[in-house]
Amino acid sequence: MADACGKCNKLMALIPKWFRCTKCESWFCPSCMDRFCLFCKAPVVPVAKT
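What counts and what doesn't
Residues numbered from 1 in each chain as written. Predicted model: local features only at pLDDT ≥ 70, side-chain atom pairs only at ≥ 80, totals over all residues. Heavy atoms only, no water. Helix = DSSP H or I, 4+ residues; strand = E, 2+ residues; numbered from the N terminus. Rg over C-alpha atoms; globule rule 2.2 N^0.38 Å. Buried < 20%, exposed > 50% of the residue type's maximum accessible area, 1.4 Å probe, protein only. Contact = heavy atoms within 4.5 Å. Phe/Tyr/Trp six-rings, centres within 6.5 Å; stacked < 30°, edge-to-face > 60°. Pairing = 2+ DSSP bridges.

Colleague: Any chance you could break down the overall build of the protein chain for me, citing the residues and the numbers?
Modeller: In terms of regular secondary structure, the protein chain is built from 0 helices and 3 strands. Tracing the protein chain from N to C terminus, the helices and strands come up as β-β-β. A globule of 50 residues ought to have a C-alpha radius of gyration of about 10 Å, and the protein chain, at 9 Å, matches this closely. Summarising its shape, the C-alpha atoms of the protein chain cover approximately 25 × 20 × 15 Å along the three principal directions. For the protein chain, the residues scored as buried account for 30% of the 50 residues in total. The long-range fraction of contacts in the protein chain, counting pairs at least 24 apart against all pairs at least 6 apart in sequence, stands at 28%.

Rendered as structure tokens:
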């Protein structure tokens, strides 16, 4: 798991819902999440917090 959002650097431990790129595996918080990755344009999916 990532330590921070790939775009805004918010701490992932403080965020209730996470999103992850299906290709480059970058992590995003809900406010920075889009349907496609900011970096590689692959689909982004929600991931259960573990």
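Colleague: Can you lay out the packing of aromatic side chains for me, pointing to particular residues and giving the numbers?
Modeller: Aromatic ring pairs are reported here in terms of the distance separating the ring centres and the angle at which the planes meet. Per the counting criterion, the structure on display carries 2 aromatic pairs. Note on W18 and W27: the rings are 5.7 Å apart at their centroids and 90° apart in plane angle, and the pair reads as edge-to-face. As far as the burial class goes, W18 and W27 line up, both buried. Aromatic pair F28 and F39: ring centres 5.9 Å apart, planes at 25°, arrangement stacked. Taken together, the residues F28 in strand β2 (residues 27–28) and F39 in the loop between β2 and β3 (44–47) connect sequence positions 11 residues apart.

Colleague: Which residues make up the sheet that holds β3, and what values go with them?
Modeller: The strand order β2-β1-β3 describes an open sheet built from 3 strands, whose pairing is antiparallel. Two strands bound the open sheet, and with one partner strand each, they are β2 and β3. Where strand β1 (residues 18–21) and β2 come together, 2 bridges link them in antiparallel fashion. When the sheet's bridge partners are listed, F19 is paired in β2 with F28.

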